[in-house]
Amino acid sequence: MRAAIFSFSARGAELSKKVAEYLHSIGYETELQTVAKYAEQTGIVPMLPDHNGACAAVFNKCQALVYVGAVGIAVRTIAPFIKSKLTDPAVISVDERGSFAGHIGGANELSRCLAAALGATACVTTATDVNGLFAVDEWAARNRMVLCSLAAAKDFAAALVGDEKVGLYYDKEFQLTGSLPKLVVEDSSLPVGMAVTLQKHLQPFATTVRLLPKIVHLGIGCRRNTPLENIEALVLPELEKLQLDKRSVVAIASVDLKKDEQGLLAFAKKYNFAANFYSADELNSVAGDFTPSAFVQSVVGVSNVCERSAVKDSKGGRLLLRKTSLNGVTLAVAAENLVLDFARTGLKTD
């Protein structure tokens, strides 16, 4: 994850270093920028050509933007770039004394954590939060889930604020631990509810907030110099048959002999998937019942690449699709074992 931190005064520049230290501690790569006249004395990169241009350069590359300064500066700077709460980065404004931290565009949890780290007060005004109710968009973001409809999420929140019960559905392969949030019940007869599912068209409620967990891994094997188009010709139709949304896919995986395979790398880049490669010994150590191939064993030292890669990359998950092949490409699909936890710690995967 990436975060950009902007400051507008000498005091703010120094505080931005503390913000960066905290964000780095929770997994963010941070980039600090300040106005030119404070850059040399603080050792921070200047905003070029100005703060508007600096924002334009990073807005679509970062998951979080932090403005150390007046909230009005943040609002005016991001205004030309904002599109949707579903796609925009989290935007947080911190005053230069570090007293208050507030959010613009769905960053409640990060605001609270950052405020705690700075000894500041988090300013959160979202209706569900101020009423102590479950915030589905925050929970989804915290738990690597894609929120498919902002409009449905608003209706879901409105029902909670109106003291109405909302339903919960989740795929039978998932597990649930702990208690449910206030007013959330496992009842598919309710008109409004949330569905945690890998099925991209599932609508168990009249108004369904569908959440797609990012837990799917593609194990792929291929002949040398297989083009991108051949990989797409197998993978995309198979995902459609499984009713899997590409947004649920975390990564592709294969044997390390394929780590320079241009078609594989181009496929991963095109669809924004991570690409992970494992040695034959690592794949041979994966437990399970896999489709063997004597030819593959003789070439790469492991009897099955795609199934073992998919299971390895999904941390021992379950196979959704066993080995299938087309035009020299083999594919298997696996999903991480998922445990839903509505406590603050969120989602767990085994």
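A brief structural summary. (Residues numbered from 1 in each chain as written. Predicted model: local features only at pLDDT ≥ 70, side-chain atom pairs only at ≥ 80, totals over all residues. Heavy atoms only, no water.)

## A short note on the pairing of strand β14 (residues 216-222)
Along any regular strand, the residues point their side chains to alternate faces of the sheet. With seven of seven residues buried, β14 lies mostly within the body of the structure. A two-sided burial pattern is seen for β14, the buried positions comprising V216, L218, I220 and C222 on one face and H217, G219 and G221 on the other. Note that β14 and strand β15 (residues 249-255) share four bridges and pair parallel. Note that in β15 the partner of H217 across the bridge is A251. For the crossover that starts at β14, traverses helix α9 (residues 228-241) and ends in the parallel β15, the hand is right-handed. In this sheet, strand β18 (residues 329-335) lies alongside β14 in antiparallel orientation, the contact comprising seven bridges. Paired with H217 across the two strands is A334, which belongs to β18. (Buried < 20%, exposed > 50% of the residue type's maximum accessible area, 1.4 Å probe, protein only. Helix = DSSP H or I, 4+ residues; strand = E, 2+ residues; numbered from the N terminus. Pairing = 2+ DSSP bridges. Right-handed = clockwise from strand over helix to strand, strands pointing away.)

## Points about the packing of aromatic side chains
Evaluation of the coordinates by the stated rule reveals ten aromatic pairs. Geometrically, the ring pair formed by F8 and Y67 is stacked, given 6.3 Å between the ring centres and 10° between the ring planes. Taken together, the residues F8 in the loop between β1 (2-7) and α1 (10-25) and Y67 in strand β4 (residues 64-68) connect sequence positions 59 residues apart. Y67 matches F8 in its accessibility class, with the two residues each being buried. Grouping aromatic residues by their ring pairs yields a cluster made of F134, W139, F156 and F342. (Phe/Tyr/Trp six-rings, centres within 6.5 Å; stacked < 30°, edge-to-face > 60°.)

## A closer look at the environment of A152
Of note, A152 is situated in helix α8 (residues 150-161). Taking the relative accessible area as the measure of exposure, A152 reaches 7% and is therefore buried. For the pair A152 and A39, spaced 113 residues apart in the sequence, the C-alpha separation amounts to 45 Å. In this view, A152 contacts T207, T208 and V209; residues no more than four positions away in its chain are not counted. (Contact = heavy atoms within 4.5 Å.)

## Describing the sheet that holds β14
Ordered in space as β16-β15-β14-β18-β17, the five strands form an open sheet in which the pairing is mixed. Looking along the sheet, the strands with just one partner apiece sit at the ends: β16 (274-278) and β17 (318-326). Shown here is a sheet whose adjacent strand axes are inclined to one another by a mean of 20°, direction ignored. Those strands touched by α9 are β14, β15, β17 and β18, and its axis lies near 35° from that of β18. Here helix α13 (residues 306-313) sits on the sheet in contact with β14, β15, β16, β17 and β18, set at roughly 30° to β18. (Axes fitted to C-alpha atoms, helices over the stretch in contact; angles between N-to-C directions.)

## Focus on the packing of helix α3 (residues 51-58) against helix α4 (residues 71-78)
Packing of α3 against α4 brings their axes to within 9 Å, and their N-to-C directions diverge by 60°. In terms of orientation, α3 and α4 fall into the oblique class. Relative to α4, α3 is oriented so that their crossing is right-handed. Across from H51, N52 and C55 in α3, the residues of α4 making contact are I73, T77 and I78. Grouping the constituent residues of the contact of α3 with α4 by class yields three nonpolar, three polar and no charged. (Parallel < 35°, antiparallel > 145°, perpendicular 65-115°, else oblique. Left-handed = near helix turned anticlockwise from the far one by under 90°. Nonpolar A, V, L, I, M, F, W, Y, C, P; charged D, E, K, R; others polar.)

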